[in-house]
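# Chain and residue survey
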Amino acid sequence: MSHQNRAGSEDEARLSRLLAGPRQPWDRTVSTRARPDNDRSGQEPRPTTGQEPRPTTAGAKDSSAPARPAADPPHRAQTPRPGRAPWTLLDAVVTAKRWTSEECLQRFAAAARELGEPATLSLAQLKRWRRGGLNGLPRPTACRVAEHLFGYPIEDLFGPPTAVVASPTTCRGRAGEVSATACSLRTADSHRPPGGHRGPEPSPRSVVRQATVEEEIDMAASEAARFARAIEQTNIGPHSVEQFFSDIRRIAAVYPNRPVYPTFVEIRQLVLRAFEKLEGRQFPEQSLDLYLIAGTLCGLQANACFDLGHLEAARTQARTGYLCAELAGSNWLRVWLRGMQSLIAYWDDDPLQAIALAEDGLKLVPERGTAAVRLAAIQARAYGRIHDAAGVRTALRSAAQARESIRQQDDPGGMMSFPQAKQHLYAATAGLWLGDAAAIRQARKEAELAVEQYEQDPPEYRRLGELSLARLDLATARAALGDVEGMTEQVRLVLGVAGRRPTDSVGRRLCQVAEALGRPRFASQPVIQSLREEIAAYTRRTAIPAIPAELT
């Protein structure tokens, strides 16, 4: 037999003797009043008469015997003396194991560390636990550690020590291997006659048969109760969920008008909070809300990474967001994130991948909002990039149909919505990519509509980046049609705004315009050369803040 098994058997034997041993003669005269917490816990109960208990054998009291000390030594303050009935089952277990109070506290702290529970136990608490008579149970974390350490349900530990050993077996429970006392002890209140005094003990054979059935039933009930306590706990409430949604709506509303990097930092903090909540415990409905929150925040963060010029980081955020959208069962978010992925591929010079991603997303029907309109418009630009006029027309027609079939408004709105102005902007870009005279004239008309509608928004909610892109498309169309003055006006308006809110896409488009203005037909015009120098100066001084390397 191993040392561990021997120790377990010895503990069980001691516990059995404690619980089934005879009472001392003076037990009947002991006052039943509970002693106060500041009482010396090591002293024996005093007789109600105030006299010393008489010995069981005849004879005078030995006056030469040493006087009883005023209190037990501190390290044995909670160890009941031989012959005294334990106060609770916990008291009996600690006594059977021969743990001092300090050892018990140390083992409790070690068990808490093993389980990862933030539970502590003081000496005063241990005294109260061993005496019993508590009003309710301790905190759930302390209950779980106590059950793990002592091998009993917490209700039994604080109950009366009226138990008998049924069979010396070992079972396995939630805390690993538990000694036989955790599996085969049962309360014996049914064996007490009226008046509370112990009656004759049942025979070992009858105890084994009766305890096996009753203990299994009691254990099943305790396990069910413990499971119910665990699943009813949640780390998030309705107010926290509503606060998340409120923060998302606020950020989505102000994002197009604010500098990108500070907004990215704020979004990141919210994402970390949402991930932390998801790693905890919550009801299924709350988990769905949290996955929707986390997926939406990942979409916002992907857009911020995209605007800051970190396309690979944006891809990662979009993939994570799409997974959360699937777990939340949200089609509108899945479609929106497919649009984000398609947009990233388009700006990363991969129009075929952008078309494929858009095609996949358009198979889904969003519950609300303009996500499908956005996705079809992105696909139209990608078709324009490969000079597929038929594809452009089909995609723009799909965008128009999707707008007509919108069921509900966008929620959240702001940058996650796709207004009519943006639909005109994407149509203009697609026409410019096609490059023929008719397409360019149509592109100029679409860009003018986009600029006009963007300027109707309140200044504090105006989409500065999208307005700048619409102006640059309008400038490109005017330059292609020979309107140099109109082109110059639009580019200088963009330079005035873009300095306050630089984004990667606006910077790229400005560089494309500067490259187009370097063609021979513009070389002899001084105003063009001056404009190219202004663009070059802008690109040199407006460095977009970089995302720290560890976040990419």
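Residues numbered from 1 in each chain as written. Predicted model: local features only at pLDDT ≥ 70, side-chain atom pairs only at ≥ 80, totals over all residues. Heavy atoms only, no water.

### Concerning the overall build of the protein
- Helix and strand counts for the protein come out as 23 helices and four strands.
- Residue pairs in contact within the protein that sit at least 24 positions apart in sequence constitute 68% of those at least 6 positions apart.
- Here the protein displays about 28,300 Å² of accessible surface, and carbon together with sulfur accounts for 52% of that area. (Helix = DSSP H or I, 4+ residues; strand = E, 2+ residues; numbered from the N terminus. Contact = heavy atoms within 4.5 Å. Areas by Shrake-Rupley, 256 points an atom, 1.4 Å probe, with all protein chains shown as cover.)

### A few points about the pattern of salt bridges
- The full count for this structure, using the stated rule, is 19 salt bridges.
- Here glutamate 326 makes a salt bridge to arginine 334, at a shortest N to O gap of 3.8 Å.
- The closest approach of N and O atoms between aspartate 473 and arginine 509, which form a salt bridge, is 2.6 Å. Residue aspartate 473 is located in helix H19 (residues 464-480), and its partner arginine 509 is located in helix H21 (residues 504-517); the two are separated by 36 residues in the primary sequence. The burial state of aspartate 473 is the same as that of arginine 509; both residues are buried.
- One salt-bridge network, in which partners are shared between bridges, spans Asp247, Arg250, Arg258 and Glu266. (Salt bridge = Lys/Arg side-chain N within 4 Å of Asp/Glu carboxyl O. Buried < 20%, exposed > 50% of the residue type's maximum accessible area, 1.4 Å probe, protein only.)

### Some details on the packing of helix H3 (residues 101-115) against helix H5 (residues 140-150)
- H5 packs onto H3 with a crossing angle of 110 degrees between their chain directions and a minimal axis gap of 9 Å. When the axes of H3 and H5 are compared, the pair comes out roughly perpendicular. Counted together, Cys104, Arg107, Phe108, Ala111, Ala112, Glu114 and Leu115 of H3 and Ala142, Arg144, Val145, Ala146, His148, Leu149 and Phe150 of H5 form the full contact between these two elements. (Axes fitted to C-alpha atoms, helices over the stretch in contact; angles between N-to-C directions. Parallel < 35°, antiparallel > 145°, perpendicular 65-115°, else oblique.)

### Thoughts on the packing of aromatic side chains
- Within this structure, the stated rule accounts for seven aromatic pairs.
- Judged by centre distance (6.2 Å) and plane angle (20 degrees), the rings of tyrosine 261 and phenylalanine 264 are stacked. Linking tyrosine 261 with phenylalanine 264, this pair stays in helix H10 (residues 260-278), spanning three residues, or about one helical turn.
- Among the aromatic residues, ring-to-ring pairing joins Phe108, Trp129 and Phe158 into one connected group.
- Across from the ring centre of tyrosine 322, 4.0 Å away, lies the NZ or CZ of arginine 338, which sits over that ring. (Phe/Tyr/Trp six-rings, centres within 6.5 Å; stacked < 30°, edge-to-face > 60°. Lys NZ or Arg CZ within 6 Å of the ring centre and 35° of its normal.)

### Quick look at helix H13 (residues 331-347)
- The end-to-end C-alpha distance of H13 is 24 Å, a good match for the 24 Å that 17 residues give at a rise of 1.5 Å each.
- The buried fraction of H13 amounts to 16 of the 17 residues, a majority that puts the element mostly inside the structure.
- Phi turns positive, to about 60 degrees, at aspartate 349, one or two residues after H13. (Expected span 1.5 Å × (residues − 1).)

### What about the confidence of the model for the protein?
- A residue-level look at the protein finds 72% of positions with pLDDT of 70 or above and a mean pLDDT of 78.
- The model gives residues 22-80 a pLDDT under 50, and that stretch makes 60 contacts with residues more than four places away or in other chains. (pLDDT = per-residue confidence, 0-100.)

### So, the nonpolar core
- Core analysis: the biggest nonpolar cluster contains 103 residues, and Ile293, Leu297, Met487, Val491 and Leu510 have the highest contact counts within it.
- Here this core gets 11 residues from one element, more than from any other, and that element is H13.
- Residue contacts for methionine 487: discarding those within four places in its chain leaves Ala475, Arg478, Ala479, Leu517, Ile528 and Leu531.
- By size, the runner-up hydrophobic cluster in this structure holds 23 residues, among which are Leu90, Ala112, Leu121 and Tyr152. (Core = buried A, V, L, I, M, F, W, Y, C linked by side-chain atoms within 4.5 Å.)

### Concerning the environment of phenylalanine 158
- Here phenylalanine 158 lies in the loop between helix H6 (154-157) and strand S1 (163-165).
- Among the residues examined, phenylalanine 158 registers a relative accessible area of 15% and is labelled buried.
- Between the C-alpha atoms of phenylalanine 158 and leucine 90, which are 68 residues apart in sequence, the distance is 6.3 Å.
- Residue contacts for phenylalanine 158: discarding those within four places in its chain leaves Thr88, Leu90, Trp129, Leu134, Leu137 and Pro138.

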